[in-house]
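Single-letter residue listing:
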Amino acid sequence: MSFSTDLKTEQRSQVPKSIHCRIALLSGFVSINGRIEEFEDEEALAIRVDSDETEEYISKLISMCADIPRDHLILQNEKNHHRKILVTDSDEKARVFARLKLRSDDTRVKVAKVITERECCKRSYLKGAFMAGGSVGSPEKAYQMEIASLSEDEAERLSDILLLRDLKSSIVNHRDRHIVYIKDGDTIAEVLGLMGASCSLMEFENIRILKGIRNDVNREVNCDAANMAKIAKSSKKQLEDIEYIRDNAGLSSLPESLEEMARVRLEYPYYSLKELGNEFNPPLGKSGVSHRLRKLSEFADKLRG
């Protein structure tokens, strides 16, 4: 299963203890997936759900928050495996609107700001909105969290709730949707904690740690490879110079210190400067090795000239 699927499974396993947080969660869900639709010549509140498990969870919340027997709710199948829950009785629909502080705007449903006055209710509202229209990309690939809404006002409201906790998000319009999105791993981790998804947060952080370790190892390997390539390139030039001196003037024509340096480099063609220095007695520092090799190069250039 995907990370998003596991996250929503965890969310459905939790029901807020207080009635005001249950109402806030349900309001958040309805703000994204609630519509006013015609049903048998009457207006009904339709709430779209994406799975049997979500249908069970939302039906349970409606029953808890609005005192509606669950067998009064009408369940309908839609295309693409989606379903919707219908509240058709006028009195029960009015009770849902009153308890969840809803109002209709043509076919859309809007939620009054009073629902999210409490800090705990803000978290529950965010959780409900995410359950309805949210997704998180696999943290192994990229960091991306989204909540899609048909209403620009609703997208701004969710963004404002996050901003109250110094969690920055952006809003992008895509076709007929307004998408609140986050692409920063630290912020996504904060949002998971804000929604009470402790297990998903732990998994997310574990993946981030392993990802960080892999990146560090890759950087070290790339750095080592680059250093080896650099050493090999420098060594090739030094060997060419020393061999030219040997073949045209003889190594004995060099000062004693340079002759010793030339013979050590010929014996250890792939050593680094530090490793070459360790072959001397007493050991020679990197700057000393570099100086002698540079003098050998100058000597070879004079011979060529």
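Here, the structure is the one placed above.
Scoring rules and cut-offs
- Residues numbered from 1 in each chain as written.
- Predicted model: local features only at pLDDT ≥ 70, side-chain atom pairs only at ≥ 80, totals over all residues.
- Heavy atoms only, no water.
- Pairing = 2+ DSSP bridges.
- Helix = DSSP H or I, 4+ residues; strand = E, 2+ residues; numbered from the N terminus.
- Axes fitted to C-alpha atoms, helices over the stretch in contact; angles between N-to-C directions.
- Buried < 20%, exposed > 50% of the residue type's maximum accessible area, 1.4 Å probe, protein only.
- Parallel < 35°, antiparallel > 145°, perpendicular 65-115°, else oblique.
- Contact = heavy atoms within 4.5 Å.
- Nonpolar A, V, L, I, M, F, W, Y, C, P; charged D, E, K, R; others polar.

**Student:** When you look at the sheet that holds strand β10 (residues 177–182) in this model, what are you seeing that I'm missing?
**Tutor:** With respect to topology, 4 strands assemble into an open sheet ordered β7-β8-β10-β9, the strand pairing being antiparallel. For this open sheet the edge positions go to β7 (134–136) and β9 (170–174), each flanked by a neighbour on one side alone. Put simply, the sheet's adjacent strands are angled 25 degrees from each other on average, direction ignored. Examined bridge by bridge, β7 and strand β8 (residues 145–149) share 3 bridges and lie antiparallel to one another. Among the inter-strand pairings, S135 is bridged to a residue of β8, identified as E146.

**Student:** In this structure, what is going on with the pairing of strand β1 (residues 34–39)? I would like to understand it.
**Tutor:** The two faces of a sheet get side chains in turn, since along a regular strand they alternate between them. Within β1, 5 of the 6 residues are buried, which leaves it mostly tucked inside the rest of the structure. Here β1 pairs with strand β2 (residues 42–49) via 6 bridges, running antiparallel. Each bridged residue has a counterpart across the sheet, and for E37 the counterpart in β2 is A44. Taking the residues between adjacent antiparallel strands as the criterion, β1 and β2 are bridged by 2 residues, where E40 takes a positive phi near 50 degrees.

**Student:** Would you explain the packing of helix α1 (residues 3–12) against helix α8 (residues 198–248) in this entry?
**Tutor:** Relative orientation and spacing of two packed helices are given, respectively, by the angle between their axes and the distance between those axes. Across the interface, α1 lies against α8 with an axial gap of 8 Å and an inter-helix angle of 150 degrees. Overall, the two elements α1 and α8 adopt an arrangement that is roughly antiparallel. Of α8, the residues touching α1 (which contributes F3, D6, L7 and E10) are S198, C199, S200, E203 and F204. Of the residues that constitute the contact of α1 with α8, the class distribution is 4 nonpolar, 2 polar and 3 charged.

Just geometry here; none of it tells us what the structure is for.
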